[in-house]
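# Examination of the molecular architecture
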2 protein chains.
Amino acid sequence: MGGDHGPQVVIPAAIRALKTHPDVHLILVGDKEVIATLLEEHGAQNEERLSIHHASQQVAMDESPALALRGKKDSSMRVAINLVKDSTAAACVSAGNTGALMATARFVLKTLPGIERPAIISELPTVKGHTYVLDLGANIDSSAEHLVQFAVMGSVLCSLIDGKENPTVGLLNIGEEEIKGNERVKEAARLIAETDLNYQGFVEGDGLYRGEVDVLVCDGFVGNVALKASEGVVHMIRHFLRESFSRNIFTKLAGLIAAPVLKSFRDELDPRAHNGANFIGLQGIVIKSHGGTDEIGFANAIKIAIIEAEHDVPTHISKHLETLLEGQI
Amino acid sequence: MGGDHGPQVVIPAAIRALKTHPDVHLILVGDKEVIATLLEEHGAQNEERLSIHHASQQVAMDESPALALRGKKDSSMRVAINLVKDSTAAACVSAGNTGALMATARFVLKTLPGIERPAIISELPTVKGHTYVLDLGANIDSSAEHLVQFAVMGSVLCSLIDGKENPTVGLLNIGEEEIKGNERVKEAARLIAETDLNYQGFVEGDGLYRGEVDVLVCDGFVGNVALKASEGVVHMIRHFLRESFSRNIFTKLAGLIAAPVLKSFRDELDPRAHNGANFIGLQGIVIKSHGGTDEIGFANAIKIAIIEAEHDVPTHISKHLETLLEGQI
């Protein structure tokens, strides 16, 4: 159990998730004594839908993925992914070291046939609702072919989760005109246009938050920078907003009156509601929660895992890829 | 005179700039009749510090840079840049087609010795004040050496404009640890660490808005996506904030009371105050205003041009590069 807060967040989140999902059974992987103590503290020691699976090691948040993969065969994340591999669990949720989780998931579960690289996908809020964006940081220097695979995976996930029949797909680029952008993105555009995906063309950074497409595809370096920069902007705006309302007695009073409105506004942008990034493209479901999230955020990541398990996302991606490859022969 | 609004914005902005800068003379380049008519409308036909320089052509906002460069030798942007080349003007300000402006500026003015590619630099607001970010979209697939040149240019500009003696410099990356990121960024980190720049290491997307460094260096594709995504977030937040306050009579009342506070908050993030991106690395000063800006925004771009001309930014960059190159021999 990783993340910045470890079992202190994961266990209450698991208890919370059981309440909203009456058919779910959760396996808590980690130090059995720590887990048992915390379950008792939360009065959940007799909860039948929670079981403990011991793991003697833990991957540190700053540990090298390669070292974690080689040296920590009994880490909680490795053991949890093994449970997915042998079908004991339908999905794995972790708030731990992203790089190590990805390396371990890829090593243990392997990628789906036709997928060379798994990607990180998450839904980001937009003016119209939300957009699925991938890759958010699993890959750097993605090739045109990788971007096409990302497009297929994003489209399948969106149609399964949101029930959209033919989700719109865009490629993140620095100009809407065909002449702009780098060669890989332009080549990817040509390749995606040949598939049966509902491809809409290039989308610029601001188009993401205008909700121009259902699925937005990009290289992981670019996607990660865009995501982190966006988080930074939200943080800065909150800082200024808080400062503006705390300047003097009049602004404080105005803030007090506006408080319920500002709260509903904050809820709409609550990152916890959007917590849970999917490692897509693997033969199994792995959800990465934000390392610094709280109980509500982690419970949301569990919810995403449940939804994806119910929809059997990996199998559907495989099927779509097969159809796509058949169409090209 | 380009941009989405052309002379309708540029001329009142020029008149506004004259008021705040009593020593400045502005040359209005474009269709002389259109300009003369507008000057008369604004009662500025006898203003001695405004002169008209006729240009018979105009580059469209969606025109290919290569076609504009070859086919429009008498476009307003080409003529304005020529005036910088022959030292008639100390700087050129345009709200026109970014790609065409960059291609023309590079062709006419040439890059400074030691600079292979000019970059687009702008100051972005942060929690602490502002950070200079480059490249914001002039180059894609920048090499490690290009990133080093960007770092030098950004550092010189920041110390000249803000009077900081040794500005801190960071490289935009997707992880703070040395192991993350792509090869070009890692190589650039090694090279920048060998210079006399005050290099602080890698900065993630959110670190930009925390103001972790004075100057943030990145490839133009990444920088442009980060900038546009940030603009998109600001736009979305405003949308939600407006919506939250207009929901019903009570929220509207709260909004009315909070209005002055919200206005001061908006002013702090006003993109017009940060309007004016510098094409840095050329043998001359070229400032690109946002195409969709208004009179206040364009006047701010003129202000930036004046400040840079007063500080003779290109000469200082050349000097710093010479020192740097000497140090390496």
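Residues numbered from 1 in each chain as written. Chains lettered and ligands numbered in written order. Predicted model: local features only at pLDDT ≥ 70, side-chain atom pairs only at ≥ 80, totals over all residues. Heavy atoms only, no water.

### Remarks on the domain arrangement of chain A
Residues and elements named next belong to chain A. Note the cut-off: Domain extents, as shown, originate in an automatic or database domain assignment. The criterion used for residue contact is that any of the two residues' heavy atoms lie within 4.5 Å. When two parts are put together, the accessible area they lose, computed with a 1.4 Å probe and summed over both, is reported as buried area.
According to the domain assignment, chain A contains domain 1 (7–115 + 281–312) and domain 2 (121–272). For domain 1 and domain 2, the distance between their C-alpha centres works out to 26 Å. Contacts between the two partners involve 13 residues from domain 1 and, on the opposite side, 8 residues from domain 2. Overall, the association of domain 1 and domain 2 removes approximately 900 Å² of surface from exposure, summing both partners, and the carbon and sulfur fraction of that is 63%. For the domain 1 face of the interface with domain 2, the top three residues by lost area are Ile115, Glu308 and His311, together amounting to 40%.

### Here's the deal with the packing of helix H6 (residues 144–162) of chain A against helix H7 (residues 183–193) of chain A
Residues and elements named next belong to chain A. What counts here: Orientation is described by axes fitted as lines to C-alpha atoms, over the contacting stretch for helices, and by angles from 0 to 180 degrees between their N-to-C directions. By definition, any uninterrupted DSSP run of H or I lasting at least four residues is a helix, any uninterrupted run of E lasting at least two residues is a strand, and each is numbered from the N terminus. Small angles under 35 degrees read as roughly parallel and large ones over 145 as roughly antiparallel, with 65 to 115 read as roughly perpendicular and the rest as oblique. If you view the pair so one helix is near and one far, a crossing is left-handed when the near helix is turned anticlockwise from the far one by less than a right angle, and right-handed when it is turned clockwise. When residues are grouped by polarity, Ala, Val, Leu, Ile, Met, Phe, Trp, Tyr, Cys and Pro land in nonpolar, Asp, Glu, Lys and Arg in charged, and all others, Gly among them, in polar.
The contact between H6 and H7 brings their axes to 8 Å, and the two run at 50°. Relative to H7, the element H6 lies oblique. In terms of crossing hand, the pair formed by H6 and H7 is right-handed. Contacts between H6 and H7 pair Ala144, Glu145, Leu147, Val148 and Ala151 from the former with Arg184, Val185, Glu187, Ala188, Leu191 and Ile192 from the latter. The residue makeup of the contact of H6 with H7, split by class, is 8 nonpolar, no polar and 3 charged.

### Observations regarding the nonpolar core
What counts, and what does not: Grouping buried Ala, Val, Leu, Ile, Met, Phe, Trp, Tyr and Cys residues that are joined through side-chain atoms within 4.5 Å yields what is termed a nonpolar core. Relative accessibility under 20% of the residue-type maximum defines a buried residue, over 50% an exposed one, and the middle range a partly exposed one, all with a 1.4 Å probe and only protein chains included.
In this structure, A:Leu134, A:Leu171, A:Val217, B:Leu134, B:Leu171 and B:Val217 are the most contacted members of the largest nonpolar core, which totals 154 residues. Once you skip the residues sitting within four places of it in the chain, B:Leu171 turns out to touch B:Leu147, B:Val185, B:Ala188, B:Ala189, B:Ile192, B:Tyr199, B:Gly201, B:Phe202, B:Val203, B:Leu216 and B:Val217.

### A closer look at the interface of chain B and chain A
Worth spelling out the cut-off: Each salt bridge in this description consists of a side-chain nitrogen of Lys or Arg and a carboxyl oxygen of Asp or Glu lying within 4 Å of one another. The definition of a polar contact used here is a pair of N or O atoms within 3.5 Å, where within protein one atom must be able to donate a hydrogen and the other to accept one, and adjacent residues in sequence count solely through side-chain atom pairs.
With 51 residues of chain B at the interface, the matching set in chain A holds 51 residues. Summed over both sides, the interface of chain B with chain A buries roughly 4,800 Å², with 78% coming from carbon and sulfur. Where chain B touches chain A, the interface holds 4 salt bridges. The shortest N-O distance in the salt bridge between A:Glu204 and B:Lys228 comes to 2.4 Å. Inspection of the chain B/chain A interface yields 6 residue pairs in polar contact (both at pLDDT 80 or more). Elements supplying a minimum of two residues to the side of chain B that touches chain A: helix H7 (183–193), helix H8 (205–210), helix H9 (220–245) and helix H10 (249–269) of chain B. Looking at which element gives the most residues to the side of chain B that touches chain A, the answer is H9(B), with 20 residues. Classifying every residue of the side of chain B that touches chain A by side-chain character gives 28 nonpolar, 15 polar and 8 charged.

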